[in-house]
Amino acid sequence: MRRARPALRVVLALAMVGIGVMHFVAPEPFIKIVPAWLPAARALVLVSGFFEIAGGVGLLIPRTRRLASLGLVALYLAVVAVL
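Residues numbered from 1 in each chain as written. Predicted model: local features only at pLDDT ≥ 70, side-chain atom pairs only at ≥ 80, totals over all residues. Heavy atoms only, no water.

Chemist: Looking at this model, I keep getting lost on the overall build of the protein chain. Mind explaining?
Modeler: If you tally the helices and strands in the protein chain, you get four helices and zero strands. Structurally, the protein chain occupies a C-alpha span of about 45 × 25 × 20 Å along its principal axes. When each of the 83 residues of the protein chain is scored for burial, the buried share is 22%. Within the protein chain, residue pairs in contact and separated by at least 24 positions form 55% of the contacts whose partners lie at least 6 positions apart. Just so you have it, the protein chain exposes about 5900 Å², and 76% of that area is on carbon and sulfur atoms. (Helix = DSSP H or I, 4+ residues; strand = E, 2+ residues; numbered from the N terminus. Buried < 20%, exposed > 50% of the residue type's maximum accessible area, 1.4 Å probe, protein only. Contact = heavy atoms within 4.5 Å. Areas by Shrake-Rupley, 256 points an atom, 1.4 Å probe, with all protein chains shown as cover.)

Spelled out as structure tokens, the structure:
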């Protein structure tokens, strides 16, 4: 598993960046899943997309890897908590 970790990290980082970019390119599916009680659904989608991109890039930089991973966990916990 130790040898696979760098490759899996790159796969995860690319997935995070790809999904984050999709928040900007095609935000409608993401807007549809934002609960109605939250204000400014489009803005929330764009902000979460930005942080997914930042987290994905951060996973690739050794100095920011831990912070990026914790940030992505926090982001996804927040998303799951409001759904």
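Chemist: Where do I start with the confidence of the model for the protein chain in this structure?
Modeler: Note that predicted coordinates carrying low pLDDT should not be read in detail. Per-residue pLDDT for the protein chain averages 96, and the proportion of residues at 70 or more is 100%. Predicted confidence in the protein chain is weakest over helix 4 (residues 65-82), with a mean pLDDT of 96, and strongest over helix 3 (residues 41-59), with 98. (pLDDT = per-residue confidence, 0-100.)

Chemist: How do you make sense of the packing of helix 3 against helix 4 when you look at a structure like this?
Modeler: Helix packing for two helices is described by the angle between their axes and how far apart those axes are. As a packed pair, helix 3 and helix 4 sit with axes 8 Å apart at the nearest point and diverge in direction by 150 degrees. In terms of their interaxial angle, helix 3 and helix 4 are classed as roughly antiparallel. Crossing angle aside, the handedness with which helix 3 passes helix 4 is left-handed. Residues S48, F51, E52, G55, G56, G58 and L59 of helix 3 touch helix 4, and the partners they reach there are R65, A68, S69, L72, L75 and Y76. When the residues that make up the contact of helix 3 with helix 4 are grouped by side-chain class, the tally is six nonpolar, five polar and two charged. (Axes fitted to C-alpha atoms, helices over the stretch in contact; angles between N-to-C directions. Parallel < 35°, antiparallel > 145°, perpendicular 65-115°, else oblique. Left-handed = near helix turned anticlockwise from the far one by under 90°. Nonpolar A, V, L, I, M, F, W, Y, C, P; charged D, E, K, R; others polar.)

Chemist: I'm lost on the side chain of E52 in this one. Help?
Modeler: Along the polypeptide, E52 turns up in helix 3. Buried charge without a salt bridge: E52, with R42 as the nearest opposite-charge side chain at an N-O distance of 14 Å. There is a polar contact of 2.2 Å between the side chain of E52 and the side chain of Y76. Setting aside its immediate chain neighbours within four residues, E52 contacts M16, V17, I19, G20, H23, L72, L75 and Y76. (Lys, Arg positive; Asp, Glu negative; His and termini not counted. Salt bridge = Lys/Arg side-chain N within 4 Å of Asp/Glu carboxyl O. Polar contact = N/O pair within 3.5 Å; in protein donor to acceptor, adjacent residues only side chain to side chain.)

Chemist: I keep staring at the side chain of H23 and nothing clicks. Help me out?
Modeler: Locating H23 in the fold gives a position in helix 1 (residues 5-25). Here H23 falls in the buried class, since its relative accessible area comes to 6%.

Chemist: Would you take a moment to explain the environment of V10 for this structure?
Modeler: With respect to the secondary-structure elements, V10 resides in helix 1. By relative accessible area, which is 38% here, V10 ends up partly exposed.

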